[in-house]
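Fold and contact review
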Amino acid sequence: MTGKIINYYAGGNTAKGFYSLYDNALQDLERIFILKGGPGTGKSSLMKTVGEEMVNKGLDIEFLHCSSDNNSIDGVIIPQYKIGIVDGTAPHVIEPKAPGIIDEYVNLSVAWDRTKLLPYKNEIFELNKAIFEKFQTAYHTFAAALKAHDDIEEIYINNMDFDEANKLTEELIQQFYGEKTKEKISTVKHRFLGAATPKGAVDFIQNLTEDIEKRYFIKGRAGSGKSTMLKKIAAAGEEKGYDVEVYHCGFDPHSLDMVILRELGVAIFDSTAPHEYFPNRETDEIVDMYQRCIAQGTDEKFADDIARTTKPYKDKMKEGVSYLAEAKELRDQLEAYYIEAMDFSKVDQLKQEILQEIEEIIAAK
């Protein structure tokens, strides 16, 4: 029997710049391999291979995906044995907490031939500079998109019944938890539901909720209180001792898009664009915050204002993604220099050493 794979992002290209949740993703691990090395040195391939081998052994794993490269991962975690491997290079630099005890650097640069890189020194410097500038431009563009999004939210906030929103939230909290509590300290995991990537918005909602018995699809508009409701539901779960998975918005990391309570078999998520889904199981249920909490006729009454503010938001989001795509093209060029200089047999040797240690940890448990 093969294990299950959970996919999510622990870092994202957001309106607040690159935003990292890696510290939370790795905090409970007892053994962490931190990979160091330039682009194209095989970090992602190494982690994918290790993850696939663990899945084939029947172990569940978590893949931490890369928001800047749709084909790469930035980490793999084996939760049952509290083991992780993570890319520790910028922008998600990982510093060891207890070197030699929990964390260990694995230096993939031992596998490259420096003499093959030196002739391209200037090109490498220029590419690194250009990539950095593309990301900064993307972040500034996403920040402009967020400002436009705030203008859209203001329309709905001014037409919202907050008492009704609070009432709906309390109804859901009562429905999920009742009077039940867990006699333990809650574990709270912070992750990203999705991310802005070179190929546009990507999410893993279907994978993350695959085994969840009851799913609630929140419908509404910008500013209709979806994130606030999710924050209150998560806080109530933590207070009652339930383990809570908190999924942040890949565009605005201070907002929430989903909460999963696996002990209760419940997931509730913002099911509006760019991660719009509709119920396809008998147990799925819609929570319509527009119908419940927004003044009737708001869409029609403010149609012109909504259209005027929505266009710059969508345009800026599209523009920001284009800069991520340009950064990816430049990074591919940079990787080509390192790939040419690599001895991947040495990377395979490092991978086998990691696998051997993981096997020893598993055998000792």
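Structure shown above.
Residues numbered from 1 in each chain as written. Predicted model: local features only at pLDDT ≥ 70, side-chain atom pairs only at ≥ 80, totals over all residues. Heavy atoms only, no water.

**Quick word on the environment of K232**
The topology assignment puts K232 in helix α7 (residues 226–239). With sequence-adjacent residues up to four places away left out, K232 is seen in contact with N166, T169 and I173. (Helix = DSSP H or I, 4+ residues; strand = E, 2+ residues; numbered from the N terminus. Contact = heavy atoms within 4.5 Å.)

**Examining the environment of G40**
Mapped onto the elements of the fold, G40 is located in the loop between β4 (31–36) and α2 (43–56). Measuring from C-alpha to C-alpha, the distance between G40 and S224 comes to 44 Å, with 184 residues separating the pair along the chain. In this structure, G40 is in contact with E335, I339, M342 and F344, ignoring residues within four places of it in sequence.

**Brief notes about the pairing of strand β3 (residues 17–20)**
Bridging between strand β2 (residues 11–14) and β3 involves four bridges; their strand directions are antiparallel. Opposite T14, over in β3, you have G17 as the bridge partner. Between β2 and β3, which follow one another and run antiparallel, lie two residues. (Pairing = 2+ DSSP bridges.)

**Structural notes on the pattern of salt bridges**
Where side chains of opposite charge bring their charged atoms close, a pairing between them can arise. Counted under the stated rule, the structure contains 23 salt bridges. Taking the shortest distance from any N to any O, the salt bridge between K57 and E359 comes out at 3.1 Å. One end of the pair, K57, is in the loop between α2 and β5 (61–65); the other, E359, is in helix α11 (residues 344–364), with 302 residues separating them in the sequence. (Salt bridge = Lys/Arg side-chain N within 4 Å of Asp/Glu carboxyl O.)

**Brief notes about the layout of surface pockets**
Approximately 840 Å³ is the volume attributed to the second largest pocket. Across the lining of the second largest pocket, the residue classes tally to 16 nonpolar, 18 polar and seven charged. (1 Å grid on protein atoms, 1.4 Å probe; cavity = no way out; pocket = protein on both sides within 12 Å on 5 of 7 lines; lining within 4 Å. Points joined across faces, edges and corners; volume = space filled by probe spheres on them. Nonpolar A, V, L, I, M, F, W, Y, C, P; charged D, E, K, R; others polar.)

**Looking at the packing of helix α5 (residues 162–177) against α7**
Close contact between α5 and α7 brings their axes to 10 Å; oriented N to C, the two are set at 35°. Between α5 and α7 lies a crossing whose hand is right-handed. Here N166, L168, T169, L172, I173, F176 and Y177 of α5 come into contact with α7, specifically with M229, K232, I233, A236 and G237. For the contact of α5 with α7, the class distribution of residues is eight nonpolar, three polar and one charged. (Axes fitted to C-alpha atoms, helices over the stretch in contact; angles between N-to-C directions. Left-handed = near helix turned anticlockwise from the far one by under 90°.)

**With respect to the packing of aromatic side chains**
Taken as a whole, this structure holds 11 aromatic pairs when the rule is applied. Here the aromatic rings of Y120 and Y337 are separated by 4.8 Å at their centres, their planes lie at 40°, and the arrangement is tilted. Taken together, the positions of Y120 in the loop between α3 (114–117) and α4 (121–157) and Y337 in helix α10 (residues 303–341) put the pair 217 residues apart, joining distant regions of the chain. Looking at Y337, the relative accessible area reads 22%, which means it is partly exposed. Ring plane angle 80° and centroid distance 6.4 Å describe the contact between F176 and Y177, whose orientation is recorded as edge-to-face. Judged by relative accessible area, which is 4%, F176 ranks as buried. Here the aromatic cluster, defined as three or more aromatic residues joined through ring pairs, consists of F176, Y177, Y216 and Y242. A cation over a ring is seen here: K214 above Y216, with NZ or CZ 5.4 Å from the ring centre. If you follow K219 out to its NZ or CZ, it ends over the ring of F278, 3.9 Å from the centre. (Phe/Tyr/Trp six-rings, centres within 6.5 Å; stacked < 30°, edge-to-face > 60°. Buried < 20%, exposed > 50% of the residue type's maximum accessible area, 1.4 Å probe, protein only. Lys NZ or Arg CZ within 6 Å of the ring centre and 35° of its normal.)

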